Amino acid sequence: MDSCIYPPAEDTFLLIDAIVDDRDFMQRYFMSLPSLFVEIGVGSGTVTSQVAASCFDDHAKTLYLGTDIQYPALHRFQQFVPSVATEKQRIVEVVQGDLLTFLRPMDEWVCIFNPPYVATEEEEYWRGQHQRSDIATWAGGILGRQLVDRFCQQLCELTRNSRRVLLYLLLVDTNQPTQVMQFLQTNGNFCTLEINHRRVGWESIRVYRCWKRSFSALK
Ligand SMILES: C[S@@+](CC[C@H](N)C(=O)[O-])C[C@H]1O[C@@H](n2cnc3c(N)ncnc32)[C@H](O)[C@@H]1O
């Protein structure tokens, strides 16, 4: 695989398990089934392809949108994911873009993000983002949070008037996830809950479900 493409790893599979196991919540939250999934930073395309293939057996009308800043990842996604999803008659599209900048406000959708979360010097983070090299697949800057923080700001802004928005976000303890969750609660009116975690070496990786507070009765 091209070195600019993040190969599926433990975090990838933890995220997939969390989302697939959360089907019941999704159905209750959307009062049927979500019609749009957007994955930011698709990398190898494994998350979207697995979710599209295994989340909802009887729902062919869902659009799965994948985005990344890396062209090699998008090229692979374009070739690999539709062939997996077509068996299930899913609609899959790919867009080159920086985080959520390509999206307009929408009322109901699911967002998935396994960000570059490794703590690095700020300079290394910017190098990855600007040169769009393999560094961008893992370098997260100070506390591994610089891209996560930009993403959360964009998400809160974009979903200000949305009704049902559901985010699955993967973080590691170094990112200080509690602060990230507090930001989403305060600035985006999101409820948040940790739904999966695993210890990998010295780091704990965690998956959070974040959903618009108007539906906080759902647990
Ligand atoms: C940790 S990898 C996750 C890849 C894949 N989703 C997975 O779970 O295996 C992070 C991904 O985010 C992408 N990325 C980095 N900066 C980005 C940005 N500003 N906008 C969109 N994607 C970005 C990287 O290219 C990489 O594919």
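Remember, predicted model here, so these are calculated numbers, not experimental data.

What counts and how
Residues numbered from 1 in each chain as written. Predicted model: local features only at pLDDT ≥ 70, side-chain atom pairs only at ≥ 80, totals over all residues. Heavy atoms only, no water. Pairing = 2+ DSSP bridges. Helix = DSSP H or I, 4+ residues; strand = E, 2+ residues; numbered from the N terminus. Axes fitted to C-alpha atoms, helices over the stretch in contact; angles between N-to-C directions. Contact = heavy atoms within 4.5 Å. Near = heavy atom within 4 Å. Polar contact = N/O pair within 3.5 Å; in protein donor to acceptor, adjacent residues only side chain to side chain. Nonpolar A, V, L, I, M, F, W, Y, C, P; charged D, E, K, R; others polar. Salt bridge = Lys/Arg side-chain N within 4 Å of Asp/Glu carboxyl O.

Asks: Report on the sheet that holds strand β7 (residues 203-212), specifying residues and quantitative values.
Replies: Taken in spatial order, the seven strands of this open sheet run β3-β2-β1-β4-β5-β7-β6, and their pairing is mixed. Sheet topology places β3 (91-96) and β6 (190-200) at the edges, where each strand pairs with a single neighbour. Ignoring which end each strand starts from, the neighbouring axes of this sheet average 15° apart. The strands touched by helix α6 (residues 146-158) within the sheet are β1 (36-40), β4 (108-113), β5 (164-172) and β6, with β4 carrying the most contacts at an inclination of about 180°.

Asks: Any details on the site of the ligand? Residues and values, ideally.
Replies: Surveying the vicinity of the ligand reveals 21 residues, the closest of which are Thr12, Glu39, Gly41, Asp68 and Asp98. With respect to the ligand, the backbone of Gly43 contributes an N or O atom lying 3.4 Å from an oxygen atom. Class assignment of the residues belonging to the shell around the ligand gives a composition of 10 nonpolar, eight polar and three charged.

Asks: Which residues make up the pattern of salt bridges, and what values do they have?
Replies: As enumerated under the stated definition, the model contains 11 salt bridges in all. When the shortest N-O distance is used, the salt bridge between Glu10 and Arg198 registers 3.6 Å. Of this pair, Glu10 sits in helix α1 (residues 10-21) while Arg198 is found in strand β6, placing the two residues 188 residues apart along the sequence. The residue Glu194 makes a salt bridge to Arg206 at a minimum N-O spacing of 3.2 Å. Taken together, the positions of Glu194 in strand β6 and Arg206 in strand β7 put the pair 12 residues apart, joining distant regions of the chain.

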